Amino acid sequence: MIVGVRGKVLYKEPSFVHVDVSGVVYEVFISLQSFSALSGDEVKLFTTHIIREDAELLYGFLELSEKKLFERLIKINGVGPKVAMAICSTYTPSQFAVVLNNKDITGVQRVPGIGPKSAGRILVELSGFDTELIISSGEPKSLSVAQASEALESLGFKKDKISKALSSCSAVDTATLVKEALKLLQTI
């Protein structure tokens, strides 16, 4: 099982890169998030190796949290590697964690190739996975946003208004985020 590659980028496109690892060139499929973060000739990618009857495919990620999200998504019935990559291309792991936390079905449907039925299944299957994603992404603001969202939801505010208010806030810690969001929620 190939769990990572490190080498020189010989060729890249938005959906894949060719990586020369000691003379062996691997084609690794990547998300748009990883493509936009690629810089320089050298690259280190965490990979998921999928072996099918007709092909062996490598999917690569610059962040371990993105790999965890991808691997969790492909375990869902009806979600294959292409749809999982579309989700990883549309959202960073921390952004998708907020979508999951808010149970935002329209946010999931924004991903190309996902309809209402699939979006609902993804939200149900990934229930509770948002906290794991936030912690693995290592972004303290994302954790604070998730906690603030939960606090505001327990106060009776609607999820769509909460996410709209929190996206306008600039604070980093949970308490200040809640205070700022409460002020904004009065005007929404």
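The structure this text deals with has already been given above.
Below is a summary of the structure that appears in this document. Quantities reported herein were computed from a predicted structural model and do not represent experimental measurements.

Definitions and limits used
Residues numbered from 1 in each chain as written. Predicted model: local features only at pLDDT ≥ 70, side-chain atom pairs only at ≥ 80, totals over all residues. Heavy atoms only, no water. Buried < 20%, exposed > 50% of the residue type's maximum accessible area, 1.4 Å probe, protein only. Helix = DSSP H or I, 4+ residues; strand = E, 2+ residues; numbered from the N terminus. Arc of directions from axis to C-beta. Pairing = 2+ DSSP bridges. Salt bridge = Lys/Arg side-chain N within 4 Å of Asp/Glu carboxyl O. Core = buried A, V, L, I, M, F, W, Y, C linked by side-chain atoms within 4.5 Å. Contact = heavy atoms within 4.5 Å. Phe/Tyr/Trp six-rings, centres within 6.5 Å; stacked < 30°, edge-to-face > 60°.

What to know about helix H9 (residues 159-168)
Within H9 the residues assigned to the buried category are Ile162, Ala165 and Leu166. The buried side chains of H9 occupy one side of the element, clustering within an arc of 95 degrees when seen end-on. Exposed and oriented more than 90 degrees from the buried face of H9 are Asp160, Lys164, Ser167 and Ser168.

Focus: the pairing of strand E2 (residues 16-21)
Across 5 bridges, the pairing between strand E1 (residues 4-13) and E2 is antiparallel. Bridged to Tyr11 within E2 is His18. Counted between consecutive antiparallel strands, the loop separating E1 from E2 contains 2 residues. As paired strands, E2 and strand E3 (residues 24-30) are joined by 6 bridges and run antiparallel to one another.

Observations regarding the pattern of salt bridges
Counted according to the given criterion, the structure contains 2 salt bridges. Between Arg52 and Asp54 there is a salt bridge, with its nearest N and O atoms 3.3 Å apart. When its relative accessible area of 42% is taken as the criterion, Arg52 is described as partly exposed. Since its relative accessible area comes to 62%, Asp54 is described here as exposed.

Some details on unusual backbone geometry
The backbone phi angle of Ser22 is positive, close to 50 degrees, even though this residue is not glycine. Along the polypeptide, Ser22 turns up in the loop between E2 and E3. The class for Ser22 is exposed, based on a relative accessible area of 77%. For Lys103, which is not glycine, the phi torsion reads 50 degrees and is therefore positive.

Quick notes on the nonpolar core
Residues Phe70, Leu73, Phe96, Val108, Ile122 and Leu126 are the most contacted members of the largest nonpolar core, which totals 26 residues. The element best represented in this core is helix H3 (residues 81-90), accounting for 5 residues. Once residues within four sequence positions are removed from consideration, Phe70 is found in contact with Thr48, Ile50, Tyr59, Phe61, Pro81, Ala84, Met85 and Cys88. With 12 residues, the next largest nonpolar core counts Ala148, Ala165, Leu166 and Ala171 among its residues.

As for the side chain of Ser34
On the secondary structure map, Ser34 appears in helix H1 (residues 32-37). Once residues within four sequence positions are removed from consideration, Ser34 is found in contact with Gly60, Phe61, Leu62 and Glu66.

With respect to the pairing of strand E4 (residues 42-51)
Alignment of E1 against E4, held across 5 bridges, turns out to be antiparallel. Its bridge partner lying in E4, Arg6 is registered against Lys44. In the sheet, E4 pairs with strand E5 (residues 56-61) via 6 bridges, with the strands oriented antiparallel. Paired with Ile50 across the bridge in E5 is Leu57.

A short note on the packing of aromatic side chains
Throughout the structure, instances matching the rule amount to 6 aromatic pairs. For the ring pair Phe61 and Phe70, a centre distance of 5.1 Å and an interplane angle of 45 degrees mean the geometry is tilted. In this structure, Phe61 and Phe70 share a single accessibility class: buried. Judged by centre distance (5.8 Å) and plane angle (45 degrees), the ring pair of Tyr91 and Phe96 falls under tilted. Residue Tyr91 is classed as buried on the basis of its relative accessible area, which comes to 10%.

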